[in-house]
Structure formats: structure tokens, C-alpha cells
Amino acid sequence: LAGAEDRLLLSSLVPELPQRQQLILYLRFYEDMTQTAIAERLDISQMHVSRLLSRALGQLRDRARQANVASPSHPSPGDQRQGAA
């Protein structure tokens, strides 16, 4: 269930990104294109694709953390307490 919740959260956050970053994410993860193939398709350097992808993923990660802090639906692995032995 946590995976489905994460996908829902991400699907709500992606539209907040700039269009170019959304396109890079779509091509990389939905079309399964390599960074080199994306660069060729968009006529930009592979390094620029790498930077855009990294920036987009970082923004999604930050926004997802903020959303989880605002309304945690499930604890992260680090939040789970170990029982005494």
C-alpha cells in the first residue's frame, strides 16, 4: 500500500515542476529512454539532461518529504522502533 501512496503523491507533485523537467522525467521513466537518447531527441547535451533529471528528482524528493511531514500516512523505516529483546 505504501508504494501506491507514494505513486499518488508523486503524480500530484510532478505537474508542479517546469514543463521541461516533466518531459525529461516522462522520457526517462515512462518511455525508458537513456539520457543520451533524450539528449538527441531534445537536441541538448547529455550533461544538460543529467542536470535537469537530477534537479527534477531532487525537487520531487524535497516536496515529498514536506508533504509527508505535513501529513504522515506511514512511518519511514528510520521511524520504526525496535522491540526489546
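Residues numbered from 1 in each chain as written. Predicted model: local features only at pLDDT ≥ 70, side-chain atom pairs only at ≥ 80, totals over all residues. Heavy atoms only, no water.

(A) Main features of the nonpolar core. Judged by nonpolar contacts, the single largest core of 16 residues is most densely connected at Leu 13, Leu 17, Ile 24, Leu 25, Ile 38, Val 49 and Leu 60. Broken down by element, the residue count for this core peaks at six residues, all from helix α4 (residues 46-70). If sequence neighbours within four positions are ignored, Ile 24 has contacts with Ile 38, Leu 42, Val 49, Leu 52 and Leu 53. (Core = buried A, V, L, I, M, F, W, Y, C linked by side-chain atoms within 4.5 Å. Buried < 20%, exposed > 50% of the residue type's maximum accessible area, 1.4 Å probe, protein only. Helix = DSSP H or I, 4+ residues; strand = E, 2+ residues; numbered from the N terminus. Contact = heavy atoms within 4.5 Å.)

(B) Inspection of the pattern of salt bridges at higher detail. Going through the model one piece at a time under the given rule, you end up with three salt bridges. Here Arg 28 makes a salt bridge to Asp 32, at a shortest N to O gap of 3.8 Å. Under the relative-accessibility criterion, Asp 32 is labelled exposed at 60%. The residue Arg 65 makes a salt bridge to Asp 62 at a minimum N-O spacing of 3.6 Å. With Arg 65 and Asp 62 both in helix α4 and three residues apart, the pair spans about one turn of that helix. (Salt bridge = Lys/Arg side-chain N within 4 Å of Asp/Glu carboxyl O.)

(C) Region of the structure containing unusual backbone geometry. The backbone phi angle of Asp 32 is positive, close to 55°, even though this residue is not glycine. With respect to the helices and strands, the residue Asp 32 is situated in the loop between α2 (19-30) and α3 (35-42). Backbone geometry places Asp 43, a non-glycine residue, at a positive phi of 60°. With respect to the element layout, Asp 43 can be found in the loop between α3 and α4.

(D) A look at the environment of His 48. Within the secondary structure layout, His 48 lies in helix α4. Residue His 48 is classed as partly exposed on the basis of its relative accessible area of 28%.

(E) Spotlight on the packing of aromatic side chains. Evaluated as defined, the whole model comprises one aromatic pair. Ring plane angle 20° and centroid distance 5.6 Å describe the contact between Tyr 26 and Tyr 30, whose orientation is recorded as stacked. Of this pair, Tyr 26 and Tyr 30 both sit in helix α2, four residues apart, roughly one helical turn. What makes Tyr 26 partly exposed here is its relative accessible area of 39%. Residue placement shows Arg 28 over the ring face of Phe 29; its charged tip is 5.6 Å from the ring centre. (Phe/Tyr/Trp six-rings, centres within 6.5 Å; stacked < 30°, edge-to-face > 60°. Lys NZ or Arg CZ within 6 Å of the ring centre and 35° of its normal.)

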